[in-house]
Amino acid sequence: MQSLIAPSILAADFANLQRDVEMVNSSKADWFHIDIMDGVFVPNISFGMPVLKAIAQHAKKTLDVHLMIVEPERYVKTFAELGSDILTVHYEACKHLKQTLNTIKAEGMKTGVAINPDTNIAVLEDFINDIDIVCLMSVHPGFGGQSFIESTYDKIKQLKALISKKKSAAKIEVDGGVNAVNAKNLISLGVDVLVAGSFVFKSEEPLLTIAGLKQITT
Ligand code: DX5
Ligand code: ZN
């Protein structure tokens, strides 16, 4: 099995954003992973709608938008209009998750739910059949370049068990601290999508780094 690769634009060179977007277009990557942070849900502010709009004008692959913002339901329609294909909200940030997922679907996007490293998989039990992609955070959200939290492996196993128990079609995405070493383990555990920011953009040859991740199979 091979996984989809989603380079995280948070680690791109914002002064050369078009260049970095074109690099991903011409690479073996599958998706663009786009982190939106509000400085409230997480202790950092990344970028917002105008930057996403600029990315969307050049990006030729699936836009996987990861909202690290409080009350994300306020902006579902806006992110649909900006061209998001997948809209991921945090379980911890939603008052009425089911309703928010319905709105995301109604706006024609795939539904994503992210959970923080300290959030138990069990909270997804009632929602797993409404989720297209579960984003397991393997770092505390807010910053790129952090180290992968090893307990993520156990959570993947628990999530796999929940998905099969509920006969859900949800895909598993892992986000944070992904590199060539842990990617191998993640793929063998059945992770469908690997998000990689620093490992791709801070490498000398991002195209080769992406191709290398893409080549890892079980
Ligand atoms: C963290 C973000 C991640 C981040 C990953 O809050 O959600 O998507 O960009 O970056 P790396 O791969 O550098 O950990
Ligand atoms: Zn992310």
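Each remark here, short or long, concerns the structure printed above.
No experiment lies behind these values; they were computed from the predicted model shown.

(A) Main features of the state of the cysteines. On inspection of all chains with the given rule, the structure shows zero disulfides. Left unpaired, Cys94 is separated from the closest cysteine sulfur, that of Cys135, by 13 Å. Accessibility expressed as a relative area gives 13% for Cys94, which makes it buried. Cys135 sits in the buried class, given a relative accessible area of 0%.

(B) Broad picture of the site of ligand 1. Around ligand 1 sit 20 residues, and of these Ser8, Asp35, Asp175, Gly197 and Ser198 come closest. Residue Asp35 places a side-chain N or O atom 2.8 Å away from an oxygen atom belonging to ligand 1. Within the backbone of Gly197, a nitrogen or oxygen atom sits 2.8 Å from an oxygen atom of ligand 1. Coverage of ligand 1 by the protein amounts to 99% of the 380 Å² it exposes when considered alone.

(C) Up close: the pairing of strand S4 (residues 86-90). Among the five residues of S4, five are classified as buried, and the element is accordingly described as predominantly covered. Burial along S4 is two-sided: the face carrying Ile86, Thr88 and His90 and the face carrying Leu87 and Val89 are both buried. Bridge count between strand S3 (residues 62-68) and S4: three bridges; the pairing is parallel. Looking at the pairing, His66 lines up with Thr88 of S4. Viewed along the sheet, the connection from S3 through helix H3 (residues 76-81) into S4 turns out right-handed. Two elements, S4 and strand S5 (residues 110-115), share five bridges in a ladder whose sense is parallel. For Thr88, the partnering residue across the bridge sits in S5 and is Gly112.

(D) Focus on the sheet that holds strand S1 (residues 4-7). The eight strands are arranged S1-S8-S7-S6-S5-S4-S3-S2 in an open sheet whose pairing can be described as parallel. Because the sheet does not close on itself, it has two edges, and the strands there are S1 and strand S2 (31-37). This sheet shows a mean twist of 20° between the axes of neighbouring strands, independent of strand direction. Pairing analysis gives three bridges linking strand S7 (residues 171-175) to strand S8 (residues 193-196), with the strands arranged parallel. Its bridge partner being in S8, Glu173 is matched across the sheet by Val193. Of the strands in this sheet, S4 and S5 touch helix H4 (residues 97-106), which is tilted by about 145° from S5.

(E) Examining the nonpolar core more closely. In terms of nonpolar packing, the biggest core is built from 61 residues, with Ile9, Ile34, Leu136, Leu159 and Leu186 touching the most fellow members. Excluding anything up to four places from it in sequence, Leu136 contacts Ile115, Ile121, Lys155, Ile156, Leu159, Ile172, Glu173, Val174 and Asp175.

(F) Quick peek at the pattern of salt bridges. Throughout the structure, instances matching the rule amount to 10 salt bridges. Of the charged contacts in the structure, one is a salt bridge between Asp20 and Arg19, with a shortest N-O distance of 3.1 Å. Here Lys214 makes a salt bridge to Asp30, at a shortest N to O gap of 2.8 Å. Of this pair, Lys214 sits in helix H8 (residues 206-215) while Asp30 sits in the loop between helix H1 (17-25) and S2; the two residues are 184 residues apart in sequence, bridging distant segments of the chain.

(G) Quick look at the coordination of the zinc ion (ligand 2). Here the zinc ion (ligand 2) is held by the protein donor atoms His33 (NE2), Asp35 (OD), His66 (ND1) and Asp175 (OD), which lie 2.1 to 2.3 Å from it. Coordination at the zinc ion (ligand 2) comes from six donor atoms whose angles at the metal span 69 to 173°, giving a geometry best classed as octahedral. Read in sequence order, the donor residues coordinating the zinc ion (ligand 2) give the pattern H-x1-D-x30-H-x108-D. Residue His33 shares its accessibility class with Asp35, and that shared class is buried.

(H) Expanded view of the environment of Ala12. Here Ala12 is to be found in the loop between S1 and H1. It is 8.2 Å that separates the C-alpha atoms of Ala12 and Lys202, two residues lying 190 residues apart in sequence.

Parameters at a glance
- Residues numbered from 1 in each chain as written.
- Chains lettered and ligands numbered in written order.
- Predicted model: local features only at pLDDT ≥ 70, side-chain atom pairs only at ≥ 80, totals over all residues.
- Heavy atoms only, no water.
- Disulfide = S-S within 2.5 Å.
- Buried < 20%, exposed > 50% of the residue type's maximum accessible area, 1.4 Å probe, protein only.
- Near = heavy atom within 4 Å.
- Polar contact = N/O pair within 3.5 Å; in protein donor to acceptor, adjacent residues only side chain to side chain.
- Areas by Shrake-Rupley, 256 points an atom, 1.4 Å probe, with all protein chains shown as cover.
- Helix = DSSP H or I, 4+ residues; strand = E, 2+ residues; numbered from the N terminus.
- Pairing = 2+ DSSP bridges.
- Right-handed = clockwise from strand over helix to strand, strands pointing away.
- Axes fitted to C-alpha atoms, helices over the stretch in contact; angles between N-to-C directions.
- Contact = heavy atoms within 4.5 Å.
- Core = buried A, V, L, I, M, F, W, Y, C linked by side-chain atoms within 4.5 Å.
- Salt bridge = Lys/Arg side-chain N within 4 Å of Asp/Glu carboxyl O.
- Donors = N, O, S within 2.8 Å, 3.2 Å for Na, K, Ca; no water.
- Tetrahedral: all angles 85-135°; square planar, octahedral: opposite > 155°, others 65-115°.

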